[in-house]
Amino acid sequence: EGAGGGPRLAELLAGGWRLWEEVEAGAEPSSGAPAVQEKVRQGLEALQRAAAMVAQLDLFSENEELEEIASADLKYLLLPALLGALTLKQVNLSRRLEHLESARAHFWRFLKLCRSYGLGSFQLPPASPPGEEDTESPSPGAPAAAQPSLVAMASSRQAKIERYKQKKELENRLASMRTFVESGQADEEQTREFFILQIQKWISTSLEEMESIDQEMLILRSRGAAKQAPAPPHGTSRPARAPLKPFLLTRDAAQAKVFGAGYPGLPTMTVDDWYEQRRRQGVVSGQSAPQRAPAVTDEELQKQQQEKKEEEDDEEALQKARNWDDWKDTHPRGYGNRQNMA
C-alpha cells in the first residue's frame, strides 16, 4: 500500500528532488546566484513539507523490518538525506555554522534510519560532531592509545576507497534503470530495487558529507574562538611612560649656565643629571652614570693631539722642520712672488 498522503506527498518529494538535481548539475556559473538560491529555497520548502507529512503519517518505525515497507514508500526514506544535501547548498556565510549543524543532523537521522532497517553495512557516526565536550581531540602529549594509529588510518582510507568504488557502481546501475522506472514501465520488484540502490548511494554520500562537515565545523569554531579570545598579556612589552620634554644636554654645570642663559625657553641638564633622572624613572639600571674623564679644554686637547702626532712622526716631522729652516735661510721673504711687482 502506498503512503496515505496520496499524490501530493509524491509531488512534494519529486519536486524537491528535481530542484536538488538542478542545483547539483550547476547550470548557473555560481551557486550563490539568485536563481540558484531560489531553487534551494523552494526545494527545502517542498522537502520539509513532505517530511512533516511522513512524520504525521508515521510511515517508518525503527522496530519494523525492511520487508514491511511498501515499495512505493521506500523513496520517502531519502527525505532526510535530500534535506541535508540542499541545506549545504545555502551560501549565507554568516549562518554557515548553523547550516552545517542542520545538514549534519539530517544526514545522521537518515543513516540511523537506514541502520535500523539493515540497509548497508557501515559504522554510524557519533550524533555530536567532534570538538564538543564529550569528544575532545587528544592533546599532543596524550598517550599513544588515544592517538589515531597508522593501522586505523590506513583502514579508514581503504574503507573510503571501497565506498567510492561502490558508489560509482551504484550510480552506473541507477542510470541504466532510471528511465525505465520513471516512465512507469518497471514492475514493483524493479521499482523496489531501484529505490534501495538509491538509498545505498545516499548512504555513501551522507557518510562523505558528514566527514566534510565535521572538518569544516572544527575550522569555523577554532576561528570563532580565536576572534573571541582576549588579547594575550604582553609580558615583554615596555610599560608606558610619559614622553620626554625637550631640554639641552650639557657636559657640565658650567656649560649648563651658559646655554641656559642663551636658551631661556629650554631647561638645561648635565649628563649626570640626565642619568639620575632616567634611573629614577626606571628606564636605565640603577648603576651609576658611566665614568667620564675630567673635562678637557679644546686647547689642551689640540696640544695633546699634536704631541701624540709628533711622537709618532718624530723623525719625519723633525726632518721637514730642518729643511724648512734651511730653505728660509737661503730665500728671503717674498722670493718668487713676481705677480705683485708694483
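Please read all numbers here as calculations on a predicted model, not as lab measurements.

**Describing the overall build of the protein chain**
And step 1. Of the regular secondary structure elements, the protein chain holds ten helices and two strands.
And step 2. When the helices and strands of the protein chain are read in sequence order from the N terminus, they spell out α-α-α-α-α-α-β-α-β-α-α-α.
And step 3. Of all 342 residues assigned to the protein chain, the portion counted as buried reaches 27%.
And step 4. Across the protein chain, contacts joining residues at least 24 apart in sequence account for 64% of those joining residues at least 6 apart.
And step 5. Working note: accessible area of the protein chain is about 23900 Å², and carbon and sulfur atoms make up 52% of it.

**Concerning a nonpolar patch on the surface**
And step 1. A cluster of nonpolar side chains, contributed by W324, W327 and Y335, occupies part of the molecular surface with about 400 Å² of accessible area.
And step 2. Its location among the elements puts W324 in helix 10 (residues 314-330).

**Quick notes on unusual backbone geometry**
And step 1. A positive phi angle, near 55°, is found at D58, a position not held by glycine.
And step 2. By relative accessible area, which is 59% here, D58 ends up exposed.

**Focus: the nonpolar core**
And step 1. Counting 57 residues, the largest nonpolar core has F60, L77, F110, L119, I199 and I203 as its most contacted members.
And step 2. Residue assignment for this core shows that the elements contributing at least two residues are helix 1 (7-25), helix 2 (34-57), helix 3 (79-88), helix 4 (96-116), helix 5 (150-182) and helix 6 (188-228).
And step 3. Broken down by element, the residue count for this core peaks at eleven residues, all from helix 6.
And step 4. Excluding its chain neighbours within four sequence positions, the residues that come into contact with I199 are L74, L77, L78, F110, C114 and L119.

**With respect to the packing of aromatic side chains**
And step 1. Here the structure, examined in full by the defined rule, presents three aromatic pairs.
And step 2. Ring centres of F60 and Y117 lie 6.4 Å apart, and the angle between their planes is 80°; on these two criteria the pair is classed as edge-to-face. Linking F60 in the loop between helix 2 and helix 3 with Y117 in the loop between helix 4 and helix 5, this pair joins segments that are 57 residues apart in sequence. The burial state of F60 is the same as that of Y117; both residues are buried.
And step 3. Stacked on the ring of F122, the Lys or Arg R115 has its end atom at 5.8 Å from the ring centre.

**Some points on the environment of G118**
And step 1. In this fold, G118 is placed in the loop between helix 4 and helix 5.
And step 2. Its relative accessible area of 57% is what places G118 among the exposed residues.
And step 3. Once the C-alpha coordinates of G118 and E65 are considered, the two residues, 53 residues apart in sequence, prove to be 8.1 Å apart.

**Section: the pattern of salt bridges**
Opposite charge on two side chains permits pairing when their charged atoms draw close.
And step 1. Tallying each qualifying case throughout the model produces 17 salt bridges.
And step 2. Taken together, the shared-partner salt bridges in this structure form one network comprising R18, E22 and K39.

**Things to note about helix 5**
And step 1. In this model helix 5 runs 46 Å from its N-terminal to its C-terminal C-alpha over 33 residues, within 8% of the 48 Å that 1.5 Å per residue would give.
And step 2. Along helix 5, the helix axis deviates most sharply at S176, where the bend reaches about 35°.
And step 3. Burial in helix 5 covers these residues: R163, K167, L170, L174, M177 and V181.
And step 4. For helix 5, the secondary structure elements touched by its buried residues are helix 6.
And step 5. Downstream of helix 5 by one or two residues, G184 has phi in the positive range, about 85°.

Procedures and definitions
Residues numbered from 1 in each chain as written. Predicted model: local features only at pLDDT ≥ 70, side-chain atom pairs only at ≥ 80, totals over all residues. Heavy atoms only, no water. Helix = DSSP H or I, 4+ residues; strand = E, 2+ residues; numbered from the N terminus. Buried < 20%, exposed > 50% of the residue type's maximum accessible area, 1.4 Å probe, protein only. Contact = heavy atoms within 4.5 Å. Areas by Shrake-Rupley, 256 points an atom, 1.4 Å probe, with all protein chains shown as cover. Patch = residues over 30% accessible without salt bridge, like charges linked within 9 Å, V, L, I, M, F, W, Y side chains within 5 Å. Salt bridge = Lys/Arg side-chain N within 4 Å of Asp/Glu carboxyl O. Core = buried A, V, L, I, M, F, W, Y, C linked by side-chain atoms within 4.5 Å. Phe/Tyr/Trp six-rings, centres within 6.5 Å; stacked < 30°, edge-to-face > 60°. Lys NZ or Arg CZ within 6 Å of the ring centre and 35° of its normal. Expected span 1.5 Å × (residues − 1). Bend = angle between axes of the 7 residues up to and from the residue.

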